[in-house]
Amino acid sequence: MRHSLAGRAENAMQARILAQLRDEGPLSKAQLADQLQVSRTTIAAEVGRLAELGLAAEAGPAASRGGRRSTMVDLSSDIRFVGISIGATGLSVGVTDGRLTVLATRGTACDIRQGPEAVLAVALDLVREVLAEVGVDRPMGAGVGVPGPVDFHRGVPVSPPIMPGWDGYPVRDAVSRELGCPVVLDNDVNLLAVGEQHAGVAKGARDFLFVKIGTGIGCGIVIDGDLYRGVNGCAGDIGHIRVEEFGPTCACGNTGCLEAFSGGAALARDATAAARAGRSPALAALLLEKGELTAADVGLAVAQGDAQAVQLIRDSGRHVGQVLAGLVSFFNPGLIVIGGRVTGLGHALLAEIRGVTYRRSLPLATGNLPIVLSELGDGGGVVGAARLISEAVYSP
């Protein structure tokens with residue numbers, strides 16, 4: 001079994017070298033010196049120290065640029081990070097290398113309402129399976145995401161509406177104790193935003209919003225390349241913006257919240273009502289067959305051309321677009337990425353969200369604003385979790 005445990009970066013220059021290697025691949029010392037605007041002597045000294053810490057390694061000579069040949073530098077091939085992405089109804093875990101390439105993953109259905117001990121036990125069992133698969137007994141660090149507000153500095157969830165029993169539970173420290181490595185905890189939407197920034201359609205975007213439509217609805221905010229968490233870690237909790245004065249009661253206790261109209265649980269509720277009232281033959285047939293409906297079933301009914309199911313999707317998209325139009329006028333992002341389980345509803349939902357957002361926003365703010373679906377799926381949370389812990393390990 002390999003130990004992947006090593007030191008951490010000792011200073012800001014080492015952290016910048018590691019981040020550069022993570023995001024761009026192997027570079028020569030000359031390229032590093034150019035990109036970071038320091039002398040080759042400084043680079044050589046810091047790379048030597050990173051090699052001693054087990055974080056970087058020299059990897060043969062670079063192609064000649066005339067004069068003395070520079071040496072290639074790469075991240076240590078021993079670095080392994082763990083990503084754990086916990087949603088309301090399922091979780092996925094994975095192991096990555098230092099460049100955040102996913103080496104192995106596992107996923108399973110799991111109900112967040114079973115509480116922290118039960119859910120984390122399931123997650124840690126899967127982590128041990130993937131670590132065994134890649135031949136590592138202790139990773140260099142792990143990132144964890146949960147579907148609710150998080151106090152990032154304390155590593156605990158804070159009064160999460162859909163996570164009974166998790167309020168104040170020391171998730172970060174519990175996972176750190178079990179895996180024997182540093183851990184960071186964040187909100188699941190933040191992980192997805194960071195994953196999208198690293199490996200998805202937002203690669204290279206500096207200012208964007210990642211909107212997750214799953215059981216609940218949340219938004220990851222990236223400003224000038226960095227995640228914005230807000231003072232208490234609940235920035236982007238857009239599911240609880242009120243869209244109508246009167247409406248269904250939300251899990252948070254208020255009425256008329258976006259989540260209570262457009263979240264996955266709300267779609268399932270409305271689909272069931274439509275099936276029972278005989279307004280939708282396709283949904284009625286699915287309800288008879290399965291006993292209960294999910295948001296995904298609405299997508300199946302849409303594919304069968306069911307008019308009522310199409311209307312449900314349009315209503316859902318209209319409410320999301322209504323909130324996004326306000327965010328666009330306020331934040332002026334360069335890109336909006338839509339992800340989460342409900343993206344299985346695909347283009348019908350996207351078309352409605354786009355239409356309403358563009359219609360209701362200022363033309364200047366939407367003049368060149370792409371609104372696109374994420375292509376990463378569940379893997380985005382694992383990559384985002386690994387990226388967050390890489391930032392902690394690679395920084396002094």
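What counts, and at which threshold
Residues numbered from 1 in each chain as written. Predicted model: local features only at pLDDT ≥ 70, side-chain atom pairs only at ≥ 80, totals over all residues. Heavy atoms only, no water. Helix = DSSP H or I, 4+ residues; strand = E, 2+ residues; numbered from the N terminus. Rg over C-alpha atoms; globule rule 2.2 N^0.38 Å. Buried < 20%, exposed > 50% of the residue type's maximum accessible area, 1.4 Å probe, protein only. Core = buried A, V, L, I, M, F, W, Y, C linked by side-chain atoms within 4.5 Å. Pairing = 2+ DSSP bridges. Axes fitted to C-alpha atoms, helices over the stretch in contact; angles between N-to-C directions. Contact = heavy atoms within 4.5 Å. Expected span 1.5 Å × (residues − 1). Parallel < 35°, antiparallel > 145°, perpendicular 65-115°, else oblique. Left-handed = near helix turned anticlockwise from the far one by under 90°. Nonpolar A, V, L, I, M, F, W, Y, C, P; charged D, E, K, R; others polar.

Enquirer: Help me out: how do you make sense of the overall build of the protein in this one?
Expert: Regarding its fold elements, the protein presents 14 helices and 17 strands. A compact globule built from 396 residues should have a C-alpha radius of gyration of about 21 Å, and the protein, at 23 Å, falls within 12% of that. Taking the principal axes of its C-alpha atoms as reference, the protein extends roughly 75 × 50 × 40 Å. By residue count, 54% of the 396 residues in the protein fall in the buried class.

Enquirer: I would appreciate a short explanation of the nonpolar core in the present structure.
Expert: Generally speaking, soluble globular proteins have nonpolar side chains that are buried together. One finds I17, L55, F81 and F208 to be the most contacted residues of the largest nonpolar core, which totals 43 residues. Of all the elements, helix α14 (residues 379-394) adds the most residues to this core, at seven residues. Formed by 41 residues, the second largest nonpolar core is a distinct cluster that contains A271, A282, V323 and L324.

Enquirer: In this structure, what is going on with unusual backbone geometry? I would like to understand it.
Expert: What is expected of a backbone is that most residues other than glycine have negative phi and most peptide bonds are trans. In the Ramachandran plot, Q37 falls in the positive-phi region, its phi being about 55° despite a non-glycine side chain. Within the secondary structure, Q37 is located in the loop between α2 (29-36) and α3 (40-52). Accessibility expressed as a relative area gives 72% for Q37, which makes it exposed. Positive phi, normally seen in glycine, also occurs at S159, with a value near 30°. Structurally, the position occupied by S159 is in the loop between β11 (156-157) and α5 (171-179).

Enquirer: Would you explain the sheet that holds strand β12 (residues 183-187) in this entry?
Expert: To summarise the sheet geometry, strands pair through backbone hydrogen bonds and adopt either a parallel or an antiparallel arrangement. Read across the open sheet, the five strands follow the order β7-β6-β5-β9-β12; overall the sheet is mixed. Both edges of this open sheet fall to β7 (102-109) and β12, since each of them pairs with a single strand only. The sheet shows a mean angle of 15° between the axes of neighbouring strands, taken without regard to direction. The sheet contact formed by strand β9 (residues 141-146) and β12 spans five bridges and is parallel. Looking at the pairing, G143 lines up with V184 of β12. Strands in contact with helix α4 (residues 116-134) are β5 (81-86), β6 (90-96) and β7; relative to β7, the strand with the most contacts, it is inclined by about 150°.

Enquirer: How do you make sense of the side chain of H319 when you look at a structure like this?
Expert: Summarising the element assignment, H319 is placed in helix α11 (residues 307-331). With near-sequence residues (within four places) excluded, H319 lies in contact with V243, E244, L258, F261 and S262.

Enquirer: Please clarify how the pairing of β6 should be interpreted in this entry.
Expert: Along any regular strand the residues' side chains alternate between the sheet's two faces. Of all seven residues making up β6, seven are buried, and the element is well covered by its neighbours. The two faces of β6 match: G90, S92, G94 and T96 on one face and L91, V93 and V95 on the other face are all buried. Relative to β6, β5 runs antiparallel, the two being bridged by six bridges. The residue bridging V82 from the neighbouring strand is V95, located in β6. Once β5 ends, the chain turns through three residues before running back antiparallel as β6. Relative to β7, β6 runs antiparallel, the two being bridged by seven bridges. Opposite V93, over in β7, you have R106 as the bridge partner. If you look at the hairpin formed by β6 and β7, you'll find five residues sitting between the two strands, and L100 has a positive phi there, around 70°.

Enquirer: Would you mind showing me how to read helix α6 (residues 188-199) here?
Expert: When the terminal C-alpha atoms of α6 are compared, their 16 Å separation across twelve residues agrees well with the 16 Å that a helix rising 1.5 Å per residue should span. Most of α6 is tucked away: eleven of the twelve residues are buried. Buried within α6 are the following residues: D188, V189, N190, L191, L192, A193, V194, G195, E196, Q197 and H198.

Enquirer: What am I meant to see in the environment of T108 here?
Expert: With respect to the helices and strands, T108 occurs in strand β7. Spatially, the C-alpha atom of T108 lies 9.0 Å from that of T89, the residues being 19 residues apart in sequence. With sequence-adjacent residues up to four places away left out, T108 is seen in contact with G90, L91, V122 and L126.

Enquirer: Would you explain the packing of helix α1 (residues 12-24) against α2 in this entry?
Expert: The description of two packed helices rests on the angle between their axes and on the distance between the axes. The geometry of α1 relative to α2 is characterised by a closest axis approach of 11 Å and an angle of 110° between their N-to-C directions. Judged by the angle between their axes, α1 and α2 are roughly perpendicular. The interaxial crossing formed by α1 with α2 has right-handed handedness. Here α1 contributes M13, R16, I17, Q20 and E24 to the contact with α2, which in turn contributes L32, Q35 and L36. Considered class by class, the residues forming the contact of α1 with α2 number four nonpolar, two polar and two charged.

Enquirer: For this particular structure, what's the right way to read the environment of R128?
Expert: Here R128 is to be found in helix α4. In the structure, R128 is positioned 51 residues away from L179 in sequence and 8.8 Å away in space, judged by C-alpha atoms.

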